[in-house]
Amino acid sequence: MGGEGEGANVVEAAWCEGELRAGEFGHEVWARARPVLIRRLWSGDEASPGQHAEARLAWCEGGMVALFRCRQSGPLVVAAAPRLDRKTVGLWERDVCELFVAPDPAAPERYFEFEAAPTGEWLDLAIRWRPDARETDWDYASGMSVAARVSEGEVVIAMRVPWSAFGRRPRAGDGWLCNLFRCAGPDPRLRYLAWLPTHTPEPQFHVPAAFGRLAFTR
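A short tour of the structure in this document, coming up. (Residues numbered from 1 in each chain as written. Predicted model: local features only at pLDDT ≥ 70, side-chain atom pairs only at ≥ 80, totals over all residues. Heavy atoms only, no water.)

1. Re the pairing of strand β14 (residues 212–216)
Turning to step 1, where the next piece is worked out: Among the 5 residues in β14, 4 count as buried, and that is most of the element.
Turning to step 2, where the next piece is worked out: One ladder, built from 4 bridges, connects strand β1 (residues 10–15) with β14; its direction is parallel. Bridging across to β14, V10 finds its partner in R213.
Turning to step 3, where the next piece is worked out: Here strand β12 (residues 175–183) runs beside β14; their pairing, made up of 4 bridges, is antiparallel. Paired with W176 across the strands is L214, a residue of β14. (Buried < 20%, exposed > 50% of the residue type's maximum accessible area, 1.4 Å probe, protein only. Helix = DSSP H or I, 4+ residues; strand = E, 2+ residues; numbered from the N terminus. Pairing = 2+ DSSP bridges.)

2. As for the state of the cysteines
Turning to step 1, where the next piece is worked out: Scanning all chains against the criterion turns up 0 disulfides.
Turning to step 2, where the next piece is worked out: The cysteine C16 is free of any disulfide, with C60 supplying the nearest cysteine sulfur at 5.9 Å.
Turning to step 3, where the next piece is worked out: With a relative accessible area of 0%, C16 lands in the buried category.
Turning to step 4, where the next piece is worked out: Residue C178 stays outside any disulfide, its sulfur separated by 14 Å from that of C97, the closest cysteine. (Disulfide = S-S within 2.5 Å.)

3. Thoughts on the pairing of β12
Turning to step 1, where the next piece is worked out: Of all 9 residues in β12, 8 are buried, a share of seventy percent or more.
Turning to step 2, where the next piece is worked out: With 3 bridges connecting them, β12 and strand β13 (residues 192–194) associate as antiparallel partners. Across the sheet, residue C183 finds its bridge partner in β13, namely Y192.

4. Overview of the nonpolar core
Turning to step 1, where the next piece is worked out: F68, L99, F114, F166, L180 and L214 are the most contacted members of the largest nonpolar core, which totals 57 residues.
Turning to step 2, where the next piece is worked out: Apart from residues no more than four positions distant in its own chain, L180 is found in contact with V36, I38, A55, L57, F68, E98, L99, L193, A194 and W195.
Turning to step 3, where the next piece is worked out: One finds L20, A22, V29 and A33 within the second-largest nonpolar core, a separate group that totals 15 residues. (Core = buried A, V, L, I, M, F, W, Y, C linked by side-chain atoms within 4.5 Å. Contact = heavy atoms within 4.5 Å.)

5. Some remarks on the pattern of salt bridges
Turning to step 1, where the next piece is worked out: One pass over the structure, following the stated rule, counts 13 salt bridges.
Turning to step 2, where the next piece is worked out: Between E46 and R40 there is a salt bridge; the shortest N-O distance is 3.4 Å.
Turning to step 3, where the next piece is worked out: Residue classification places E46 among the partly exposed residues on the basis of a relative accessible area of 42%.
Turning to step 4, where the next piece is worked out: With a relative accessible area of 26%, R40 lands in the partly exposed category. (Salt bridge = Lys/Arg side-chain N within 4 Å of Asp/Glu carboxyl O.)

6. Some words on the environment of D95
Turning to step 1, where the next piece is worked out: For D95, the location among the structural elements is in the loop between β5 (63–71) and β6 (96–102).
Turning to step 2, where the next piece is worked out: Assessed through its relative accessible area of 2%, D95 is described here as buried.
Turning to step 3, where the next piece is worked out: Each C-alpha atom, one on D95 and one on W122, is 11 Å from the other, the two residues being 27 residues apart in sequence.
Turning to step 4, where the next piece is worked out: What D95 contacts, discounting residues up to four positions off in sequence, is Q72, P75, L76, V77, A117, P118, C183, A184, G185 and R191.
Turning to step 5, where the next piece is worked out: One polar contact links the side chain of D95 to the main-chain amide nitrogen of G185, over a distance of 3.0 Å. (Polar contact = N/O pair within 3.5 Å; in protein donor to acceptor, adjacent residues only side chain to side chain.)

7. Regarding a nonpolar patch on the surface
Turning to step 1, where the next piece is worked out: Residues L76, V78 and V150 make up a contiguous nonpolar surface patch of about 190 Å² in total accessible area.
Turning to step 2, where the next piece is worked out: Summarising the element assignment, V78 is placed in the loop between β5 and β6. (Patch = residues over 30% accessible without salt bridge, like charges linked within 9 Å, V, L, I, M, F, W, Y side chains within 5 Å. Areas by Shrake-Rupley, 256 points an atom, 1.4 Å probe, with all protein chains shown as cover.)

8. Quick notes on the packing of aromatic side chains
Turning to step 1, where the next piece is worked out: In this structure the tally under the stated criterion is 18 aromatic pairs.
Turning to step 2, where the next piece is worked out: The interplanar angle of 80° and the centroid separation of 5.9 Å between the aromatic rings of W163 and W176 together place this pair among those described as edge-to-face. Here the residue W163 occupies a position in the loop between β11 (154–162) and β12, and W176 occupies one in strand β12, the gap between them amounting to 13 residues.
Turning to step 3, where the next piece is worked out: Its relative accessible area of 6% is what places W163 among the buried residues.
Turning to step 4, where the next piece is worked out: Aromatic side chains F181 and F205 sit 4.0 Å apart centroid to centroid with 15° between the ring planes, which places their arrangement in the stacked category. Of the two residues, F181 is situated in strand β12 and F205 in the loop between β13 and β14; the sequence distance between them amounts to 24 residues. Neither F181 nor F205 differs from the other in exposure class; each is buried. (Phe/Tyr/Trp six-rings, centres within 6.5 Å; stacked < 30°, edge-to-face > 60°.)

As structure tokens, then:
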């Protein structure tokens, strides 16, 4: 699932026995987690191959982990002096991977935004979307953790979010809502990639109607 065609709007979170940390890039669960592709711009157009990424999700007793493997053909757009001891507002203006999650499928307008950069910087927000405005809780504290690894031609980023951040814990077979994104490069029209494109006139990720299904398997 997660490719094009049937099931293209579903991402499966693979079950992991024990606790899974953000930095466990080589954990066996990632071989079982089916990837979804992040290769299109927000508009639906194909992005440059050098920006393509894939994302995998896993869940354990304590939380959920998202792992992004990203191609990197150009220079990174990152902060010269990153701060890791607090959230970085405006992180979306640089290279970053993002996960939006709505735990209640009946209320997709209430969701959480998590971002992680190649530098290890992070951002977490609680959102209430309205057609005429968007309410953002800038003080939201999820307790998320981040790990990143940069090598020649590739960036790997992982973020772990504890269940307390969502106010609920899923069971096997449950379906939440989500979308996955990557921002890469300096071009304001060509840097916003989405698993499920939002098809807005201008670059925009905050479109709950475009969320896909997050299926918790076991």
